[in-house]
Amino acid sequence: MVNKLFKINENDNVAIALEELKKGYQEQGITLLDDIPFGHKVLLCDLKKGDNVIKYSNPIGHLIEDTPKGSHIHEHNLKTNLSDIIEYKYEKDNPYVPQRSDLTFQGYVRPDGKVGTRNEIWIIPTVGCVNKTAQRLEKLGQPFVTEGCDGVYSYTHPFGCSQLGDDQENTRKILAALVNHPNAAGVLVVSLGCENTNVETLKKYLGDIDENRVKFLVTQDCEDELLEGERLISELIDYALTFKRQSVPIDKLIVGYKCGGSDAFSGVTSNALCGRLTDKLTSFGATTILTEVPEMFGAEHLLMQRAENEKVFNDAVNMINGFKNYFFSHNQQCYENPSPGNHDGGLTTLEEKSLGCIQKGGKAVVTGVLEYGESVKSKGLNLLTGPGNDIVSITNLTAAGAQIILFTTGRGTPLGAPVPTVKISSNSALAEKKKNWIDFNAGELITNPDFDKMSGDLLDLVIKTASGEKTKTELNGYREISIFKDGVIM
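These remarks concern the structure in this document.

## Some points on the pattern of salt bridges
Using the criterion set out here, one finds 21 salt bridges in the structure. The shortest N-O distance in the salt bridge between lysine 22 and glutamate 20 comes to 3.5 Å. Take lysine 22 and glutamate 20: they sit in the same class, and that class is exposed. With a closest N to O distance of 2.8 Å, lysine 311 and aspartate 315 form a salt bridge. Taken together, the residues lysine 311 and aspartate 315, both in helix H7 (residues 310-329) and four residues apart, mark about one turn of the helix. One salt-bridge network, held together by shared partners, links Arg118, Glu120, Glu474 and Arg479.

## As for the packing of helix H2 (residues 165-179) against helix H10 (residues 390-400)
Running from N to C, H2 and H10 point in directions that differ by 55°, and their axes come no closer than 8 Å. Regarding the angle of H2 to H10, the classification is oblique. Seen from above, H2 lies across H10 with left-handed handedness. From H2, Ile174, Ala177 and Leu178 reach across to H10, where they touch Thr395, Asn396, Thr398 and Ala399. Taken together, the residues of the contact of H2 with H10 break down into four nonpolar, three polar and no charged.

## Some details on the pairing of strand E15 (residues 214-218)
On a regular strand, one side chain projects to one face of the sheet and the next to the other, so that they alternate. Where strand E14 (residues 184-191) lies against E15, five bridges are found, and the strand directions are parallel. What sits directly across from leucine 188, in E15, is lysine 215. Once the chain exits E14 it traverses helix H3 (residues 199-206) before rejoining the sheet at E15, and the crossover so formed is right-handed.

## A short note on the packing of aromatic side chains
Following the criterion strictly, the structure yields 10 aromatic pairs and no others. Seen from their ring centres, tyrosine 239 and phenylalanine 243 are 5.3 Å apart, and the 85° between their planes marks the pair as edge-to-face. Overall, tyrosine 239 belongs to the buried group, its relative accessible area being 15%. The exposure class assigned to phenylalanine 243 is buried, which follows from its relative accessible area of 11%. An aromatic cluster is defined as three or more aromatic residues linked by ring pairs; in this entry it consists of Phe297, Phe323, Tyr326, Phe327, Tyr372 and Phe484. The aromatic ring of phenylalanine 216 is capped on one face by lysine 203, whose charged end is 4.8 Å from the ring centroid. If you follow lysine 434 out to its NZ or CZ, it ends over the ring of tryptophan 437, 4.0 Å from the centre.

## Observations regarding the environment of glutamine 28
Relative to the helices and strands, glutamine 28 is located in the loop between strand E3 (26-27) and strand E4 (30-31). Looking at glutamine 28, the relative accessible area reads 56%, which means it is exposed. For the pair glutamine 28 and proline 249, spaced 221 residues apart in sequence, the C-alpha separation works out to 49 Å. For glutamine 28, the contacting residues outside a window of four places in its chain are Asn3 and Leu5. At 2.6 Å, the side chain of glutamine 28 and the side chain of glutamate 27 are in polar contact.

Criteria and cut-off values
- Residues numbered from 1 in each chain as written.
- Predicted model: local features only at pLDDT ≥ 70, side-chain atom pairs only at ≥ 80, totals over all residues.
- Heavy atoms only, no water.
- Salt bridge = Lys/Arg side-chain N within 4 Å of Asp/Glu carboxyl O.
- Buried < 20%, exposed > 50% of the residue type's maximum accessible area, 1.4 Å probe, protein only.
- Helix = DSSP H or I, 4+ residues; strand = E, 2+ residues; numbered from the N terminus.
- Axes fitted to C-alpha atoms, helices over the stretch in contact; angles between N-to-C directions.
- Parallel < 35°, antiparallel > 145°, perpendicular 65-115°, else oblique.
- Left-handed = near helix turned anticlockwise from the far one by under 90°.
- Contact = heavy atoms within 4.5 Å.
- Nonpolar A, V, L, I, M, F, W, Y, C, P; charged D, E, K, R; others polar.
- Pairing = 2+ DSSP bridges.
- Right-handed = clockwise from strand over helix to strand, strands pointing away.
- Phe/Tyr/Trp six-rings, centres within 6.5 Å; stacked < 30°, edge-to-face > 60°.
- Lys NZ or Arg CZ within 6 Å of the ring centre and 35° of its normal.
- Polar contact = N/O pair within 3.5 Å; in protein donor to acceptor, adjacent residues only side chain to side chain.

This is the structure:
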């Protein structure tokens, strides 16, 4: 008989249902006392009120009542162990020593030494008032697209004016980082002219500006902004065509990770597979980025144990506690249950979600901690400050420098970032149902846990994608941005 209960770690006292199981089903000495939905947890031994439930070899919460084996474990009998600010203790350095690799991908080397995986023209509005102008210019730019240019795309947002403090600063940092991203061979910055984040202000955040690569259009200053914008896009495409793909060492690759709409298998299959890929990439000197700070709560200590040095450790502590204080400043708890989609998929507590989420970091040394909107400076595994919201996260990862994002999902989502977004399903049912969304099925690991082969296959896909192979989100035209907001709108 094929087992239908899956135990992740030998130390766990729960297993996951590999399909919907009915009360009375028997396996491995367990008789189910309840109906168990697909992906939900079953208790493997009798436990008392207050005992910890163990998954991924770590506590995911405690029972609120005496519970016999065979019971369904979910929000009716399991509560979080998380609390507020925690004291963390630094233990030891973890030297990061990458090895040389002969692996390469075909990328676009820019004059500043950065490498792009696409050769696109990006239209970046400085303020929401010119969103429609940017979209019309994107449409007007299509006839100019030719072989060697990967397309013209606008990235609209509702910000750039009537903002104060950190919100205004965040908008400027993210927009500047998008303008400077190497996947954009050329950029047209579209401004109204009277907004807070106007062209002259944004230039202060851009650093050295290559006038061949970055053009500015102030719509209040010209008679026909569409005609002028069309002319500038034509010039930018001519500039983009001066770049050709060339062989680039794998250590120039920057990969961001995101999970959205997780289920009980995300931490077992897709996220764990990404963890194996992280270990491979960082061993080659490539850069990986893990974000979604609230989805580290309850598992952050495992990341901190792998900090390269005490400074990185302290930066990680400040990131975690700083984000908790953000919750507290709005009179919110920092350990709310996962989203409804996560909940329906079998995840009960935030630490259960977090333990699965951080699997994407593998066992790699944490070499850097980034502020929101900050670009990567360290090779290896970086932690990026930011929320778990899908659109905000993928924008944040792009701004940090990711040329590709690996987006794991157990529930499915069509969302795409400005950079190639590879969708990885955690279960085969999703991969079969949403073939138009999913690029890679990690669900096969449930029945055939050959992580070595699958991580090799995923690495091959990443290299092909970096070298120009289109993702489903690109083929579908799904590209969006959103900027983190936390303050007053005037």
